[in-house]
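A closer look at the structure
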Amino acid sequence: MSPKKQHEVLRLAPLISLLSQRLNTNVCIDLGAGQGYLSDHLAIACDLQVVAIEGKDNHTQGASNRSKALAKLNSKGGKSKTMGQSKGNVSHITKHLSTDESWGDLKPVLPEQMANVNTNALLIGLHTCGDLASTLLRLFASSPSLTACVDVGCCYNLLTDAGYPLSNYVKDKKLILPTAARMAACQALERWGVDRDADELMFTKHSYRAILQVLITEGLIEPNSNMDVRHEDAQTPPKNRVGRVRKRNMTFVEYAKIACQKLNARAPPDLILEERYERLREEAETLPIFWTLRALVGPIVESLLMMDRLMFIGQHESMSGMILPLFDPRLSPRNLVVIGFDRSRALSSDTSNDQLKREVWSTFAANETYPF
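Comments concerning the pairing of strand E5 (residues 146–154)
Walk down a regular strand and you will see the side chains alternate between the two sheet faces. Within E5, 9 of the 9 residues are buried, which leaves the element mostly enclosed by the surrounding structure. In this structure, strand E4 (residues 121–129) lies alongside E5, joined through 8 bridges in parallel fashion. Note that in E5 the partner of Thr128 across the bridge is Gly153. What joins E4 to E5 is helix H6 (residues 132–142), and the crossover it makes is right-handed. As paired strands, E5 and strand E7 (residues 336–342) are joined by 4 bridges and run antiparallel to one another. By the bridge assignment, Asp151 is partnered in E7 with Val338.

Considering the confidence of the model for the protein
Confidence along the protein averages 85 in pLDDT terms, with 87% of residues attaining 70 or more. Within the protein, no element has a lower average pLDDT than helix H5 (residues 112–115), which sits at 64, and none a higher one than helix H7 (residues 168–173), at 97. Here residues 79–84 is modelled with pLDDT under 50, and outside its nearest four sequence neighbours on either side it reaches 14 contacts, counting other chains as well.

Quick word on the packing of aromatic side chains
Tallied over the entire structure, the rule returns 4 aromatic pairs. Taking the centre distance of 5.6 Å and the plane angle of 65 degrees together, the rings of Tyr208 and Phe252 count as edge-to-face. Of this pair, Tyr208 sits in helix H9 (residues 196–217) while Phe252 sits in helix H10 (residues 252–262); the two residues are 44 residues apart in sequence, bridging distant segments of the chain. The exposure class of Tyr208 is buried, given its relative accessible area of 7%. Taken together, the ring pairs connect Tyr208, Phe252, Tyr255 and Tyr277 into an aromatic cluster.

Side note on the sheet that holds E5
Strands pair in a sheet through their backbones, by hydrogen bonds, and they do so in one of two ways: parallel or antiparallel. Read across the sheet, 7 strands follow the order E3-E2-E1-E4-E5-E7-E6 without closing on themselves; strand pairing throughout is mixed. Looking at strand neighbours, the two that pair on one side only are strand E3 (89–94) and strand E6 (319–325), the edges of this open sheet. With direction set aside, neighbouring strand axes in the sheet form an average angle of 15 degrees. As paired strands, strand E2 (residues 49–54) and E3 are joined by 6 bridges and run parallel to one another. Its bridge partner being in E3, Ala52 is matched across the sheet by His92. Set on the sheet, helix H12 (residues 287–314) makes contact with E5, E6 and E7; between it and E6 the angle comes to about 155 degrees.

Considering the pairing of E6
In terms of residue burial, E6 counts as a mostly covered element, since 6 of its 7 residues are buried. With 7 bridges connecting them, E6 and E7 associate as antiparallel partners. By the bridge assignment for E7, Ile323 is matched with Val338.

Regarding the packing of H9 against helix H11 (residues 270–284)
As a packed pair, H9 and H11 sit with axes 10 Å apart at the nearest point and diverge in direction by 120 degrees. As far as their axial angle goes, H11 and H9 are oblique. For the pair H9 and H11, the crossing hand works out as right-handed. Residue-level contacts link Ser207, Tyr208, Ile211, Val214 and Leu215 of H9 to Leu273, Arg276, Tyr277, Leu280 and Ala284 of H11. When grouped by side-chain class, the residues that make up the contact of H9 with H11 number 8 nonpolar, 1 polar and 1 charged.

What counts as what
Residues numbered from 1 in each chain as written. Predicted model: local features only at pLDDT ≥ 70, side-chain atom pairs only at ≥ 80, totals over all residues. Heavy atoms only, no water. Buried < 20%, exposed > 50% of the residue type's maximum accessible area, 1.4 Å probe, protein only. Helix = DSSP H or I, 4+ residues; strand = E, 2+ residues; numbered from the N terminus. Pairing = 2+ DSSP bridges. Right-handed = clockwise from strand over helix to strand, strands pointing away. pLDDT = per-residue confidence, 0-100. Contact = heavy atoms within 4.5 Å. Phe/Tyr/Trp six-rings, centres within 6.5 Å; stacked < 30°, edge-to-face > 60°. Axes fitted to C-alpha atoms, helices over the stretch in contact; angles between N-to-C directions. Parallel < 35°, antiparallel > 145°, perpendicular 65-115°, else oblique. Left-handed = near helix turned anticlockwise from the far one by under 90°. Nonpolar A, V, L, I, M, F, W, Y, C, P; charged D, E, K, R; others polar.

See the structure below:
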């Protein structure tokens, strides 16, 4: 695991373990499980029965192989750095979840012991990308088998109209977020200044991208039907995007050629690219000023997205929720966890849902003021 993923798993797993104890369940359904790091940790370090659901088969296969190796190590009494002997296990399933996925659609693919009984389970997701976070919350709200949900969303720029807005309140207020606003919510202000070389590279690539957009607008790069030529009021992401260009220390000509390949478009001759770059370079160098102002708005937009999800949970009579800042934003900028509780479920003691919220907050966000 990368240091970032280690930090996320080692912070999120104890929270899920606490909820499983207080809510009388040892079953977790991990949506968008990816390579299965969180699922494996919950099974071996927290003694939980985990169903890991992932849309990409290659991720499922890799995660399944790792789980088998860890289970073999565990059965022999071996220990890894963070995991010892355990009674937990992981079942891996490949399934792409649509935005209108229902519990009835999901239940048939679950292991037999879950599908045949009204299992009391936690629904979890670590960095559920785009609409998957909204799908997770809808599944939680519609299922009689789920006692709580724990979700850390990400990739707000990939949200569609199916993923935002969720709550009736935000829908009634018609608080529309164009693509540019959703992109702003993805900014990581806490990481600025940590690596100045990386910051400079980021701004260079942003200036290149801005110049590239001018070339697209001028018709010098021939678009195809899926190309990223969005306007500010566009609500859905295009199929082909420039996305990340990972090569470092490149010229604009090199960047433009890589970008055109990603867009499946024909790049202009080098001389034209060089001429346009020299003409627009001075203006593009002012971009960091506007990018900084834009980034400062990001936390406001992210707060709206989080509150929309929290209000969606709260509009269901039997449910309540909370938002918890869990990760160090310098390591993991998308650090806000949305937690939903089913009030109709009995806890393991006389503890109420409000008391459980306070316990969660005091345990995992001790340096923050409790907001409820």
